[in-house]
Amino acid sequence: LKTAASIEHVLQVPTLQTIDIQQNKIDDPAVVDVLEQLPDLRVVYLQGNPVVKKIAHYRKTLVYRLKNLKYLDDRPVFDDERRRTMAWYEAFLEGGVQAAQVAERAELDAIRDEKKAADERNFRAMEEMMREGLEIRRKRESEEAAARKAALEAGERAPVPEVPINVFTGSKIVNVPESDDVREVREARLEKLVAST
């Protein structure tokens, strides 16, 4: 295979998702025009062809032009890379390499900020779950203590708490009491979390 025309027959299979034409003698940058016409192309192996050196900004160009690409040559195309590449390439088309680098840095900053915000949301959600769990536990312990106290005052035997069942396995959940030291540390940490928000 040497030219774009030598692979044009792939257009007869519009559902093609993977194409391996590496280690040929393709020297025609128009090969990208052919690949771009495959609407569901996800994996491309093109390395080992002279054309790779003729396509300016090779990886960025292919990621930009092949919209569904998930894997190029020796590595995957992740969503973050696609976002950075789209920002870079659009700025490159309008203002050259310097504008492209500025746009890519701005997109990287946006991606970092989004990840940081998502991590913060997850952290806050986990804190809330811990707070809710602590409240449920305290309520249950308080109710159990009140029931024991009422039973003792009435001269009855203290009620035995019902053993919870794991809804996934059907097995009993064994309550292993924690030591006073562990409880104090855990509750102090949770109280600190509650107080800080």
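Above this text sits the structure in question.
The following paragraphs examine the structure supplied in this document.

Rules used in this analysis
Residues numbered from 1 in each chain as written. Predicted model: local features only at pLDDT ≥ 70, side-chain atom pairs only at ≥ 80, totals over all residues. Heavy atoms only, no water. Buried < 20%, exposed > 50% of the residue type's maximum accessible area, 1.4 Å probe, protein only. Phe/Tyr/Trp six-rings, centres within 6.5 Å; stacked < 30°, edge-to-face > 60°. Helix = DSSP H or I, 4+ residues; strand = E, 2+ residues; numbered from the N terminus. Lys NZ or Arg CZ within 6 Å of the ring centre and 35° of its normal.

Focus on unusual backbone geometry
At step 1: The phi dihedral of Gln-23 falls on the positive side, at around 60°, and the residue is not glycine.
At step 2: Accessibility expressed as a relative area gives 58% for Gln-23, which makes it exposed.

With respect to the packing of aromatic side chains
At step 1: Using the criterion set out here, one finds five aromatic pairs in the structure.
At step 2: Aromatic pair Tyr-45 and Tyr-71: ring centres 6.1 Å apart, planes at 50°, arrangement tilted. With Tyr-45 in strand 2 (residues 43-45) and Tyr-71 in strand 3 (residues 71-72), this pair connects stretches of sequence that are 26 residues apart.
At step 3: Owing to a relative accessible area of 23%, Tyr-45 belongs among the partly exposed residues under this scheme.
At step 4: Judged by relative accessible area, which is 27%, Tyr-71 ranks as partly exposed.
At step 5: On the basis of an interplanar angle of 55° and a centroid distance of 5.8 Å, the ring pair of Tyr-89 and Phe-92 is categorised as tilted. Of this pair, Tyr-89 and Phe-92 both sit in helix 4 (residues 79-153), three residues apart, which is roughly one turn of the helix.
At step 6: Judged by relative accessible area, which is 11%, Tyr-89 ranks as buried.
At step 7: Owing to a relative accessible area of 24%, Phe-92 belongs among the partly exposed residues under this scheme.
At step 8: Among the aromatic residues, ring-to-ring pairing joins Tyr-64, Trp-88, Tyr-89 and Phe-92 into one connected group.
At step 9: One residue, Lys-60, lies across the ring of Trp-88, its end atom 5.4 Å from the ring centre.
At step 10: Lys-67 extends its terminal NZ or CZ atom over the ring of Tyr-64, reaching a point 4.0 Å from the ring centre.

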